[in-house]
Amino acid sequence: MLISKTLCAFALVAAALVVAAPAQAADPTVMASEIVEYRLVKWKTVHGEGDKAEKMVATLKKLRCEVKVGSHGGHTDISYRCAKWQKLALKDHDAAHQWQAWLKKYGFETKHAH
């Protein structure tokens, strides 16, 4: 139960970070100390409910993923992929590791150089 609550809290923090600092391609004119690259070639589907599903869809769209949403059986199916490598510019090393963990949790390949 504690792990579940911790993961939910982390997902909400991650979603809040996306809203606060939207995913954007690395721009040489932007001062970002950390870059996380990510992709997900094959479609992946997760189940969501209510606000959590909406936040997940919003996060995936901000990350420039293709997203398909369907509902049945009292839950929402969220299918997504990001076939080309994308870059997420972040303010610090901790944020980069948090995002990298979130991306991996949802099936993405990631790259983050130290």
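Rules of the game
- All chains use their own residue numbering, which begins from 1 and follows the written sequence.
- Given that the model is predicted, a residue must reach a pLDDT of at least 70 before its local features are reported, and side-chain atom pairs must reach 80 or more before they are shown or counted; all residues, however, enter totals for whole chains, interfaces and linings.
- With hydrogens and water set aside, each side-chain value is computed from the structure's full complement of heavy atoms.
- Definition used for salt bridges: Asp or Glu carboxyl oxygen within 4 Å of a side-chain nitrogen of Lys or Arg.
- To qualify as a helix, a DSSP run of H or I must reach at least 4 residues; to qualify as a strand, a run of E must reach at least 2; elements of each kind are numbered from the N terminus.
- Using a 1.4 Å probe on the protein chains alone, a residue whose accessible area is under 20% of its type maximum counts as buried, one over 50% counts as exposed, and one in between counts as partly exposed.
- Known as pLDDT, the predictor's confidence for each residue is given on a scale from 0 to 100.
- Contacts are assigned to residue pairs that have any heavy atoms within 4.5 Å of one another.
- One bridge is not enough; two strands pair if DSSP finds at least two bridges between them.
- As a rule, the C-alpha atoms of each element are fitted with a line to give its axis, helices using only the stretch in contact, and angles between N-to-C directions run from 0 to 180 degrees.

Visitor: Help me understand the pattern of salt bridges, please; the structure alone is not making it clear to me.
Guide: Should their charged atoms come close, side chains of opposite charge can pair. Tallied over the entire structure, the rule returns two salt bridges. A salt bridge links R39 to E109; the shortest N-O distance between them is 2.8 Å. You can see R39 sitting in strand β1 (residues 34–48) and its partner E109 sitting in strand β4 (residues 109–111), a full 70 residues away along the chain. Residue R39 is classed as partly exposed on the basis of its relative accessible area, which comes to 24%. Between R81 and E66 there is a salt bridge, with its nearest N and O atoms 2.8 Å apart. Of the two residues, R81 sits in strand β3 (residues 75–90) while E66 sits in strand β2 (residues 66–72), which places them 15 residues apart along the sequence. Owing to a relative accessible area of 37%, E66 belongs among the partly exposed residues under this scheme.

Visitor: In this structure, what is going on with the confidence of the model for the chain? I would like to understand it.
Guide: Reading predicted coordinates in detail is not appropriate for stretches of low pLDDT. Overall, the predicted model of the chain reaches an average pLDDT of 79, with 71% of residues at or above 70. Within the chain, the element-level pLDDT minimum falls on helix α1 (residues 2–20), averaging 40, and the maximum on β4, averaging 96. Contacts from residues 1–22, a stretch scored under 50 in pLDDT, to residues over four places away or in other chains number 16 contacts. Across residues 24–29, confidence stays below pLDDT 50; counting only partners more than four residues off in sequence or on other chains, it has eight contacts.

Visitor: Explain the sheet that holds β1 here, please?
Guide: Strand pairing in a sheet takes place through backbone hydrogen bonds and is either antiparallel or parallel in direction. Strand order in the open sheet made by the four strands is β2-β3-β1-β4, with antiparallel pairing throughout. With one partner strand each, in any of the chains shown, β2 and β4 form the two edges of the open sheet. Each neighbouring strand pair of the sheet contributes to a mean axis angle of 10°, computed without reference to strand direction. Across three bridges, the pairing between β1 and β4 is antiparallel. Looking at the pairing, Y38 lines up with T110 of β4. Contacts from helix α2 (residues 50–62) reach β1, β2 and β3, with the element oriented near 35° to β3.

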